[in-house]
Amino acid sequence: MTDDEDQVAGLLLAAGGGRRLGGRPKALLEHRGHPLVEHAVAVLRAAGCTRVHVVLGARAADVRDRADLPGCVLVDNPDWERGMGSSLRTGLDSLTGTGARAALVSLVDQPGIGAEAMARVRAGYRDETSLVSAAYAGVRGHPVLLGAAHWAGVAATATGDRGARAYLREHEAEIALVECADVARPYDIDTEADLVHLE
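Residues numbered from 1 in each chain as written. Predicted model: local features only at pLDDT ≥ 70, side-chain atom pairs only at ≥ 80, totals over all residues. Heavy atoms only, no water.

**A look at the nonpolar core**
Proteins that are soluble and globular tend to have nonpolar side chains buried together. What counts here: Here the nonpolar core consists of buried residues drawn from Ala, Val, Leu, Ile, Met, Phe, Trp, Tyr and Cys, with membership extended through side-chain atoms lying within 4.5 Å. Exposed residues in this analysis have more than 50% of their type's maximum accessible area, buried residues have under 20%, and partly exposed residues fall in between, with area computed by a 1.4 Å probe over protein chains only. By definition in these notes, contact holds between two residues if any of their heavy atoms fall within 4.5 Å.
Core analysis: the biggest nonpolar cluster contains 41 residues, and Leu-12, Ala-14, Val-37, Val-54, Leu-104, Val-121 and Leu-145 have the highest contact counts within it. Setting aside chain neighbours within four positions, we find Leu-145 in contact with Val-8, Ala-102, Ala-103, Leu-104, Val-121, Arg-122, Tyr-125, Ser-130, Leu-131 and Val-132. Counting 22 residues, the second largest nonpolar core, distinct from the first, contains Leu-95, Ala-103, Leu-131 and Val-154.

Take a look at the structure:
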């Protein structure tokens, strides 16, 4: 990975078991005729990420069987039940040594965030010290871009379902916010009521 466009890898967190969805893994929820994990990968690719790592957890074997994810690096998180923090640590660890200088981190359960918002955040990449986040009416949200210089710090503080939240709070002054409210809707697919957002 020497070309500028290859220095930002896509990192999709898709390990959740959908506890509040009756135990249906979010990666396998159907959206526009395909598993949600396929849609999320396509968004990262459309935003310019040629390398995409996908962290799997709940029913990982089923996701591998049912989702068409050519060219992706599929990473199993055996501790997925401990929350998103463990998936973020697993994903960042999988990128170590690949030549990636930043990770564009996306969540599988946010189909309202499309390629335009992803590309805006990705465009904020400068070097491995970059910290970039989408904002919605000024409020920080997803996706986030984590320069490689921050990966160890993020991994050290990523626990439970908090992901990079604690680290980003400590480094608020360094984060470049990119407004995305005009092109994306940052809802999560967490409960049965949220399924109305799927098409």
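Back to the text.
**Some remarks on helix H1 (residues 36-46)**
What counts here: Starting at the N terminus, helices and strands are each numbered in turn, a helix being any DSSP run of H or I of at least four residues and a strand any DSSP run of E of at least two.
When you tally the buried positions in H1, you get eight out of 11 residues, the bulk of the element. Here H1 has its buried residues at Leu-36, Val-37, Glu-38, His-39, Ala-40, Val-41, Val-43 and Leu-44. Positive backbone phi, at 110°, marks Gly-48, one or two positions downstream of H1.

**Thoughts on the environment of Asp-65**
Mapping Asp-65 onto the fold places it in helix H2 (residues 60-66). Judged by its relative accessible area of 65%, Asp-65 is exposed.

**Remarks on the pairing of strand S7 (residues 131-136)**
Here is the rule: Two strands are said to pair when DSSP picks up at least two bridges between them.
With six of its six residues buried, S7 lies for the most part within the structure. Covered by surrounding structure in S7 are Leu-131, Ser-133 and Ala-135 together with Val-132, Ala-134 and Tyr-136, the residues of both alternating faces. Following S7, the chain reverses through two residues before pairing antiparallel with strand S8 (residues 139-147); Ala-137 in that reversal takes a positive phi of roughly 55°. Across four bridges, S7 lies against strand S9 (residues 176-179) in parallel orientation. Along S9, the bridge assignment pairs Val-132 with Ala-176.

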